[in-house]
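Coordinate analysis (summary)
Chain residues, written in single-letter form:
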Amino acid sequence: MANLNIVLDEDQQWLLNCLSATLDPNHEVRSFAEASLNQASLQPGFGSALSKVAANRELSLGLRQLAAVLLKQFIKKHWNEGDEAFEHPAVSSDEKVVVRKLLLFSLDDPHRKICTAISMAVASIAGYDWPEDWPDLLPYLMKLINNQTNMNGVHGALRCLALLSVDLDDTVVPTLIPALFPCLLTIVSSPQVYDKYLRTKSYSIVYSCIAVLGVMSGVYKTETTALIAPMLKPWMNQFSAILSHPVQSEDPDDWSIRMEVLKCLNQFVQNFPSLIESEFMIIVRPLWQTFMTSLEVYVRSSIEGAEDSYDGRYDSDGADKSLDSFVIQLFEFLLTIVGNAELVKVITNNVKELAYYTIAFLQITEQQVHTWSMDANQFVADEDDSTYSCRVSGSLLLEEVVNTCGTEGIGAIIDAAKTRLSESQREKHAGSAIWWRMREATLFALTSLSELLLEAEDSGLTRVGLGNLLEQIISEDIGLDVHEYPFLYSRMFSSVAKFSSVISHGVLEHFLYAATKAIAMDVPPPVKVGACRALSQLLPKANKGLIQPHIMSLFTSLSDLLNQASDETLNLVLETLLAAIEAGYELSASIEPIISPVILNMWASHISDPFVSMDSIEVLEALKNAPGCIHPLVSRVLPYVSPVLNKPQQQPDGLVAGSVDLVTMLLKNAPGDVVKAVYDACFDGVIQIVLRSDDHSEMQNATECLAAFIASGRQDVLAWGGDSGNTMRRLLDAASRLLDPELESSGSLFVGSYILQLILHLPSQMAPHIRDLVVALLRRMQSAQIVGLRSSLLLIFARLVHFSAPNVEQFIDLLVSIPTDGYDNSFAYLMSEWTKQQGEIQGAYQIKVTTTALALLLSSRHPELAKINVQGVLVQSAAGITTRSKAKLTPDQWTVVPLPGKIMALLADALVEIQEQVLASDNEDSDWEEVEADGGEADKDLMHAAGVTSFGQPTHEHLEAIAKVFNKDEEEDGYEDDNLSVADPLNQINLANYLAEFFVNFCQRERQLFDHLCQSLTQNQRNAIQKIKTV
């Protein structure tokens, strides 16, 4: 468009002067101008005034760009009253019309930065107004796209559409694609008319539209297929044309357009696999051409560093221009192909070649050599965190090859690895300076697949001789200069550790000794990193007799290394030290004086780093658990932490919370005299933190610490203070503060664990306060903003249900007698929340207690149960994608069901989940072990306490299998409060058997009610119950 006739009136001139002043080097001038603009933004017409400045091509580029940026901020604050960031006043309807018109007329601006800023402003408004309040937006953009005489307009429209396309929904895309895709096809197929940038943007819009159609295809499969099918072939031809040319060196525009093509193909394959199969062969050869030639460019640019890889650089739109980003996208598409059962057949005959060339991409780049040599922390971080890189993407592709192609894939990868290893040896003999990189890459590939390869070898599926292969590599490279090839040495250390189960004892012992020596030697940091990794994995499995002669020198070396380490390497050294302590238990008494002071200093100096402080406490805990170490360790720790806890206001940030955490660790599984010593030094301080601190971390840790005191000291806690009544009052005061509904939820987060210990270990003292406790729990639950807090409070109610058995009716009566706003009574409120939350409760103990408590409530047949209706299942909304605007207009709707039916469904769901675990485990291992008899006896006792007469413990193999699998699942949960819940007899419940007995008993005793409730269950839930009844 030609420049608009924008007259500079007095107000416009004032705005220009203000905008200019914000760029003034004088701070006072800038501040005054910014304050003036902020004040002006509250006046009518400010948005249109900014739009006029941005649209005026006679003004300076800097002022126009600044006006466009301010306009985008103004739109976010004042355009839509429903937006979270909205601030009054709102823009008037008339002003909105002016702003929208000016912005559209400015999309063909020749300055790219202005065009981008205008496009972002248009996209911001479109998020609120389009299509309902801005119906002419899309027609105008289409008009610009189709005008070949105005390439600036094409650029602006495509840039705008690219921004809009990420928020498209199912109401727009079906009508947009038929009109838009032919225009985009014209652009991408006319390289002589449109440059790579415009064609790249066109592909990015196609990608976004296909992604939306892919989501829609789940509901509208026929319609989306009919929409895409006629367009597929011409687009596949264009994809083929782009990929068929060799990848160009130092040409980020070439890499970008290919990357968008690969993203489009990825969407087609993922969302329309049946359609793509017929056209897939068109792109196979071009794709391979791109894969092969990209490796050539990658080797020259990234690995050898001879050409520019554009690493860390971005285009004007903020898109990554690097070669790495393109290669990663290439791997992602190949990963999708390999994961597709039909398309993978196309490359089955070339799996070895795919693995062969993929390994080459895994070589350490020149930039990585430089960075990792200078910064060991970055080396550890990139290795441990699976950083976004070609190495990680390539290893994921190889993993998918194994998962999809099985033994054939494994064989192909091993063959490719052997070939690459042989080639690296030839390069070495030929005098190549980088021969080691391919060797390291091959080892990296194998170690990244170690679990899959070892599993296949152990099961007998393959006989590739992993141990012999690794030992051959080691024998060839063990004599190399560690200073010249530090990364290869590091990889050898970690490879031996990963494959230790198939490597001979002699080689393992040699490497264990070599790693121990490397820790103490003056070797490059990557070597020490590899040695630490090897030790942390090999020490727990190593021969104790082999370790003992070197363990003291290893501790000395690791202690020295701790003083040199920082950040990421510090965590690695602490992890290695932990393994060494656990391996050297026999020398624990002599270890403690060496290690404890170092770790305590490390912990104190890194208290603000949660990872280092947590790892430090783990090391100290390992020392505590070693024979003969707990008393000297406690005597070393208490003089340090006691003053901190007793004067918390005078401590640096984090030290109080960290000290409480350290005390909690000392209390876990400690003997009585240690618990008493810790009590004398720290109990008062911990109580005061709960009562007075406003720091949520301190309160959370102190709550856990109080729970640990009670779990460890039990009734003795009351006696140790001299005045048991006073101590009990202080414990109740702490509970009262934590249950204060005005306290932020984060501060109360662990109150559930604390209350649980009070009612478990001080039941007679808590009994007079049950009603007050229930009221406080209800009030805290009503104000809780964190799901985890609500779950922990529900657990307390569930435990109180068990305490009330066999008189569960009395506990229900108590709840009914307590009023609650918005509900008939507290029982109605509690069950409404409980039934909504039950499916979100985590932890084997928590699931056992809450599930069995629901069974007790249902068994009680209390008349109040039938009076309560609760949330049922989600009502499926009209088919289609739920956009943000739809979600606001039509929030989720749920059915309402009677409480007994909901409880029945929740119990059936628990049974379904257990049975599904059995099936999953049965596929892995059909040999079931017998369940321990004492667990069954505990179940009988609890069932009897619940008022349910046992019909006999199920002894059939199916129920035994269920019990075994569920118990195994519990062991793997590893929740933090396991140590606190283990003392609860309910923790011994075998949930599978409990539910089986419950359903059979319920069916026998209340057949009419049972049949009635079963009618509301899903078929899956009824099937689960039927399996139990027929066992």
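These numbers come from a predicted model, not from an experiment.

Concerning the overall build of the protein chain
- For the protein chain, the count of helices and strands is 51 helices and two strands.
- In terms of overall dimensions, the protein chain is globule-like: its C-alpha atoms have a radius of gyration of 34 Å, near the 31 Å expected for 1031 residues.
- C-alpha atoms of the protein chain, sized along the principal axes, occupy 90 × 80 × 70 Å.
- Considering the protein chain as a whole, with its 1031 residues, one finds that 54% of them fall into the buried category.
- Considering only contacts within the protein chain whose residues lie at least 6 apart along the sequence, 74% involve residues at least 24 apart.
- Counting 73 positive and 130 negative side-chain charges, the protein chain places the centres of these two groups 4 Å from one another.

Quick look at the pattern of salt bridges
- One pass over the full model with this rule turns up 28 salt bridges.
- The residue E279 makes a salt bridge to K233 at a minimum N-O spacing of 3.7 Å. On the criterion of sequence distance, the pair formed by E279 in helix α13 (residues 273–279) and K233 in helix α11 (residues 221–244) is long-range, its members being 46 residues apart.
- Residue class for K233 comes out partly exposed when judged on its relative accessible area of 43%.
- For R391, the salt bridge identified is with E383, shortest N-O distance 3.7 Å. Pair check on accessibility: R391 and E383 agree, each one buried.
- A single network of salt bridges, built from pairs that share partners, joins R57, R64, D108 and D109.

Brief notes about the side chain of S826
- Examined against the element boundaries, S826 turns out to sit in helix α42 (residues 826–837).
- Among residues more than four places away in sequence, those in contact with S826 are L778, L815, I818, P819 and T820.

With respect to the state of the cysteines
- By the definition in use, this model includes zero disulfides.
- C115 takes part in no disulfide bond, and the closest cysteine sulfur to it belongs to C160, at a distance of 8.5 Å.
- Cysteine C209 shares no disulfide, and the gap to the nearest cysteine sulfur, in C264, comes to 9.5 Å.
- For C209, a relative accessible area of 0% gives the class buried.

Considering the packing of aromatic side chains
- According to the stated counting rule, one finds 30 aromatic pairs in the structure shown.
- Ring geometry for F105 and Y140: centres 6.1 Å apart, planes at 50 degrees, overall tilted. Of this pair, F105 sits in helix α5 (residues 93–105) while Y140 sits in helix α7 (residues 137–145), and the two are 35 residues apart along the sequence.
- Of the residues examined, Y140 reaches a relative accessible area of 12% and is grouped as buried.
- Taken together, the ring pairs in this structure connect W288, F291, Y298, F331, Y356, Y357 and F361 into an aromatic cluster.

With respect to the environment of Q1021
- As for its placement among the helices and strands, Q1021 is situated in helix α51 (residues 1019–1029).
- Setting aside anything within four residues of it in sequence, one finds Q1021 in contact with A905, A908, D909 and V912.

Some thoughts on helix α8 (residues 151–165)
- For α8, with 15 residues, the first-to-last C-alpha span of 20 Å sits near the 21 Å given by 1.5 Å per residue.
- When you tally the buried positions in α8, you get 12 out of 15 residues, the bulk of the element.
- Among the residues making up α8, those that are buried are G153, V154, H155, G156, A157, L158, R159, C160, L161, A162, L164 and S165.
- Looking at the packing, one finds that the buried side of α8 touches α6 (112–129), α7, α9 (173–188) and α10 (196–216).

Some details on a negative patch on the surface
- A grouping of E399, E451, E455 and D458 is seen on the molecular surface, where their side chains present a negatively charged patch.
- It is helix α22 (residues 450–458) that provides the largest number of residues to the negative patch, a total of three residues.
- As for its position among the elements, E399 is in helix α20 (residues 390–429).

Some details on the side chain of S41
- Counting through the fold element by element, S41 comes out in the loop between α2 (27–40) and α3 (46–55).
- Residue S41 is classed as buried on the basis of its relative accessible area, which comes to 11%.
- Residues within four places of S41 in sequence aside, it is in contact with F46, F74 and H78.

Focus on unusual backbone geometry
- Following W130, the chain continues to P131 via a peptide bond in cis, the omega torsion being 0 degrees.
- Residue P806 is bonded to the preceding A805 through a cis peptide linkage, with omega at 5 degrees.
- Mapping P806 onto the fold places it in the loop between α40 (787–804) and α41 (808–816).
- Although it is not a glycine, E250 adopts a positive phi angle of roughly 50 degrees.
- Relative to the helices and strands, E250 resides in the loop between α11 and α12 (252–271).
- E250 sits in the partly exposed class, given a relative accessible area of 41%.
- Residue Y310 is not a glycine yet carries a positive backbone phi of 55 degrees.
- You can see Y310 is positioned in the loop between α14 (281–303) and α15 (323–338).

Quick word on the nonpolar core
- F239, V678, F709, L731, Y754, W834 and M904 are the most contacted members of the largest nonpolar core, which has 342 residues in total.
- Sequence-distant contacts of L731, that is, excluding residues within four places in its chain, are made with F683, I687, I710, L718, Y754, L758 and L762.

What to know about the packing of α9 against α11
- The N-to-C vectors of α9 and α11 enclose an angle of 15 degrees; their axes lie 11 Å apart at closest approach. The angle between α9 and α11 places the two elements in the roughly parallel class. For the pair α9 and α11, the sense of crossing is left-handed. Contact residues: α9 offers P174, I177, P178, F181, L184, L185 and V188, while α11 offers L227, M231, P234, W235 and Q238.
- By residue class, the composition of the contact of α9 with α11 is 11 nonpolar, one polar and no charged.

What counts, and where the lines are drawn
- Residues numbered from 1 in each chain as written.
- Predicted model: local features only at pLDDT ≥ 70, side-chain atom pairs only at ≥ 80, totals over all residues.
- Heavy atoms only, no water.
- Helix = DSSP H or I, 4+ residues; strand = E, 2+ residues; numbered from the N terminus.
- Rg over C-alpha atoms; globule rule 2.2 N^0.38 Å.
- Buried < 20%, exposed > 50% of the residue type's maximum accessible area, 1.4 Å probe, protein only.
- Contact = heavy atoms within 4.5 Å.
- Lys, Arg positive; Asp, Glu negative; His and termini not counted.
- Charge placed at Lys NZ, Arg CZ, Asp CG, Glu CD.
- Salt bridge = Lys/Arg side-chain N within 4 Å of Asp/Glu carboxyl O.
- Disulfide = S-S within 2.5 Å.
- Phe/Tyr/Trp six-rings, centres within 6.5 Å; stacked < 30°, edge-to-face > 60°.
- Expected span 1.5 Å × (residues − 1).
- Patch = residues over 30% accessible without salt bridge, like charges linked within 9 Å, V, L, I, M, F, W, Y side chains within 5 Å.
- Areas by Shrake-Rupley, 256 points an atom, 1.4 Å probe, with all protein chains shown as cover.
- Core = buried A, V, L, I, M, F, W, Y, C linked by side-chain atoms within 4.5 Å.
- Axes fitted to C-alpha atoms, helices over the stretch in contact; angles between N-to-C directions.
- Parallel < 35°, antiparallel > 145°, perpendicular 65-115°, else oblique.
- Left-handed = near helix turned anticlockwise from the far one by under 90°.
- Nonpolar A, V, L, I, M, F, W, Y, C, P; charged D, E, K, R; others polar.

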